[in-house]
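Listed below, chain by chain, are the residues.
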Amino acid sequence: MSLPVNLQISRTHLLSRKKQTLVAMLGVTFGIAMFILMISFMKGVNKFLEDTMLQATPDIHIYNDVKTDYTRTVAGDYYKSGELIMIHHPKPKHVNLNIRNAELIINDLMQNPDVAAVSPHLSTQVFYNYGPVQINGLIDGVDIMQEAQLYGLKEKMITGRVENLLTSNNGILMGQGLTDKLNVRVGDMVNLATPTGTFMRFRIEGTFQIGIGTIDNIKSYVNTASVQQLLGKDRSYITDINVKLKDIHLASAYAKSFQTKYAYKADDWETSNASIMASFLIRDVLTYVVSITLLIVAGFGIYNIMTMTINSKMKDIAILKAQCFARKDIIQIFLSQSLVIGVLGALTGIILGFTLSYLLSQVPFPKNENISLKFFPVIFEPKHYIFAMMFGIVTTFIAGFMPSVKASKIDPVAILRG
Amino acid sequence: MSIILKAEKLNKFFHEPDKFQVLNNISIDIIKSEFVTINGKSGCGKSTLLYLLSTLDTDYKGTITINDTVVTGLSQNQLARFRNKNIGFVFQFHFLLPEFTVLQNVMIPAQRLGIHSEKEIRELANEKLKLVGMDTFGHKVSSKLSGGQQQRVAIARALINEPTIIMADEPTGNLDSANAQTIFNIFKELSTAKGHTIIAVTHDQDFAKNSDRTIHMMDGQIVDN
Ligand SMILES: Nc1ncnc2c1ncn2[C@@H]1O[C@H](COP(=O)(O)OP(=O)(O)O)[C@@H](O)[C@H]1O
Ligand SMILES: [Mg+2]
């Protein structure tokens, strides 16, 4: 078994300057390893944030937006003569923020095969009173079983059970942070006051921790009826409908169709979290810019070493060309050298990158009660490794191609004449 | 007696740094199996002429016919192939590939030509190395050899594809007289016993005198032969 002669020459060249070959290879190795480490970590952070975000944001949120369109006003009814009527700064008239045909919409959503869960909401600001302690917060009146499906609430319970809310009359599930502040536990009673001045007593049936401080410290769940009672509304009064889809990527398409179908505002999770989505983009761009810079630097390393090799091998190239080695043979000889460096560098880079990513994923994250992270978030995606491999090879191909073409253009006569 | 190489009215100019005629109306006939030397002062154009005859340099006026093939005007690829089959080179500074073994150096042109199998090429290479008395050095790295030894390997390499013509540019130029004599004997043997045609540029008078014929050059012209 023997290599074609061009590759034999290429191999001998590589082996006769092992140190240079190794240095060039390590350049690629580090470039690729850093790329993999960075992208695995950044994507891990993105995924963590996305998961956290989705714990607090429904896939689709349907609600009654305050209308700011006053083109049709009552004024027109009084001045029918067709004169131009100017109205400055109209005040919003008294509006009900509820969704009128909520029952119908919910039933219709349940019929949709892509919908996993539908949770009607009625929220209000409240003051939590326990003895002299008074804390500003929020209660969500929900169908707790649907809500539990939306956010995986069952796994987030610290004490008590989600189902307890169903059987108890004035039950409440409280955020863990909130109970800590109020110094209460399951079985205790708390007083809630609304901004409009109504009061109600609730019995704590359980505590949950979502892992987001701003939720765990202010939010509680109660049955929808309790909030309707607090607000003095009837039993059909619902302000929001949250929808969970079987496939989260369908959200933006469905949000649009729901909005036109039900004539209420429908936001998908990406729209609701536009700033977080922007931060994803920024991290992605950062990762790619830094890693591609590293790889290009590695490419320059290869370019330098190939140029040096070729300059020191002018005579050899001349002799080869004088002996029937065509230009394409010369290109093959030198290009294959840089490709070997590239492929070996990329392979070792992938191994190193994986090792570093793995080690990082084992480093404990500094303890913080507001963030539910035990270790640094790192993800392992084959497509990143494939991309790194391809990019490494393409970079070394380009870095090796230019000097190889230069080598192939050497005029043997100019070098060989005595 | 058949003519193996015919050069007619060769003219060559260099344009850098000034326009300057290196070769002036040179015509030569070389007969098969002849051992010809080209002799003349340094700078008179000997090497330039040899590179024209070897088809490596194609920038000239006139016509060159080798083995009944008009090589003037052929493409680079055609020439590369033609050269590899018909012409073997020996350069003044031996020019072996330094990282390769003696055997590899000799084998490479045949491997590139790709007519014979690896095994045949190895046998052929050993045979050629034996001819120049270097067969025991086959596995030595070529950069470890002395100048005279390298030149002998270079001759073996020139022979590997069994070319009809061997061209050598001052093959003994930087060798001592003992080594020069060895090289001369090898060339002589090749032309008389093996029937190779040899064209060697030299300014070594002894070397020239003992060849079949010497072409004298002066200022880009042939003076007498
Ligand atoms: N590439 C070149 N450009 C310009 N002049 C050259 C070049 N190569 C050789 N010459 C000139 O051409 C002349 C002949 O050179 P050469 O054939 O090498 O002579 P020789 O081999 O007989 O010593 C010399 O005067 C040399 O300076
Ligand atoms: Mg010369």
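In this report, the structure presented in the accompanying data block is examined. (Residues numbered from 1 in each chain as written. Chains lettered and ligands numbered in written order. Predicted model: local features only at pLDDT ≥ 70, side-chain atom pairs only at ≥ 80, totals over all residues. Heavy atoms only, no water.)

### Quick look at the side chain of A:T307
Residues and elements named next belong to chain A.
Consideration 1: Structurally, the position occupied by T307 is in helix α12 (residues 274-312).
Consideration 2: Note on T307: relative accessible area 17%, which makes it buried.
Consideration 3: Setting aside chain neighbours within four positions, we find T307 in contact with P403 and K406. (Helix = DSSP H or I, 4+ residues; strand = E, 2+ residues; numbered from the N terminus. Buried < 20%, exposed > 50% of the residue type's maximum accessible area, 1.4 Å probe, protein only. Contact = heavy atoms within 4.5 Å.)

### Describing the interface of chain B and chain A
Consideration 1: Across the contact, 27 residues belong to chain B and 26 residues belong to chain A.
Consideration 2: Surface buried jointly by chain B and chain A totals about 2300 Å² across both partners, of which 64% is contributed by carbon and sulfur atoms.
Consideration 3: If you sort the residues of chain B by the area they bury against chain A, B:F95, B:E99 and B:R112 come out on top, with a joint share of 28%.
Consideration 4: With its nearest N and O atoms 2.3 Å apart, the salt bridge here joins A:K313 to B:E99.
Consideration 5: For the pair chain B and chain A, the interface holds three residue pairs in polar contact (both at pLDDT 80 or more).
Consideration 6: For the side of chain B that touches chain A, the elements supplying multiple residues, two or more each, are α1 (46-53), α2 (76-86) and α3 (102-113) of chain B.
Consideration 7: If one sorts the elements of the side of chain B that touches chain A by residue count, α2(B) sits on top with five residues.
Consideration 8: For the side of chain B that touches chain A, a count of residues per class yields 13 nonpolar, six polar and eight charged. (Buried area = accessible area lost by both parts, 1.4 Å probe. Salt bridge = Lys/Arg side-chain N within 4 Å of Asp/Glu carboxyl O. Polar contact = N/O pair within 3.5 Å; in protein donor to acceptor, adjacent residues only side chain to side chain. Nonpolar A, V, L, I, M, F, W, Y, C, P; charged D, E, K, R; others polar.)

### A short note on the sheet that holds strand β2 (residues 20-31) of chain B
All names here are of chain B.
Consideration 1: Taken together, the four strands give an open sheet; going across it, the order is β2-β1-β4-β5, and neighbouring strands pair in antiparallel fashion. Since the sheet does not close on itself, it has two edges, and those belong to β2 and β5 (69-70), each with one partner.
Consideration 2: Here α1 sits on the sheet in contact with β1 (3-14), β2 and β4 (61-66), set at roughly 125° to β1. (Pairing = 2+ DSSP bridges. Axes fitted to C-alpha atoms, helices over the stretch in contact; angles between N-to-C directions.)

### Brief notes about the pairing of β1(B)
Residue and element names in this part refer to chain B.
Consideration 1: Both β1 and β2 contribute to a ladder of eight bridges, which runs antiparallel. The residue of β2 that forms the bridge with I3 is I31.
Consideration 2: As consecutive antiparallel partners, β1 and β2 are separated by five residues.
Consideration 3: Of the pairings in the sheet, the one linking β1 to β4 comprises five bridges and is antiparallel in character. Across the sheet, residue A7 finds its bridge partner in β4, namely I64.

### A look at the pattern of salt bridges
Consideration 1: A full pass over the atoms with the stated rule returns 19 salt bridges over all chains.
Consideration 2: The partner of A:E163 in a salt bridge is A:R161, with the nearest N and O atoms 3.8 Å apart.
Consideration 3: For B:K6, the salt bridge identified is with B:D29, shortest N-O distance 3.1 Å. Note that B:K6 is positioned in strand β1 and B:D29 in strand β2, a separation of 23 residues in sequence.
Consideration 4: Owing to a relative accessible area of 30%, B:K6 belongs among the partly exposed residues under this scheme.

### Thoughts on empty space enclosed by the protein
Consideration 1: Within the structure shown, the criterion is met by one cavity of 30 Å³ or more.
Consideration 2: Taken as a whole, the largest cavity encloses approximately 130 Å³ of empty space.
Consideration 3: Together, 14 residues line the largest cavity, and A:Q323, B:I87, B:G88, B:F89 and B:A158 are the ones closest to its centre.
Consideration 4: Ranked by residue count, the leading element in the lining of the largest cavity is strand β6 (residues 87-90) of chain B, at three residues. (1 Å grid on protein atoms, 1.4 Å probe; cavity = no way out; pocket = protein on both sides within 12 Å on 5 of 7 lines; lining within 4 Å. Points joined across faces, edges and corners; volume = space filled by probe spheres on them.)

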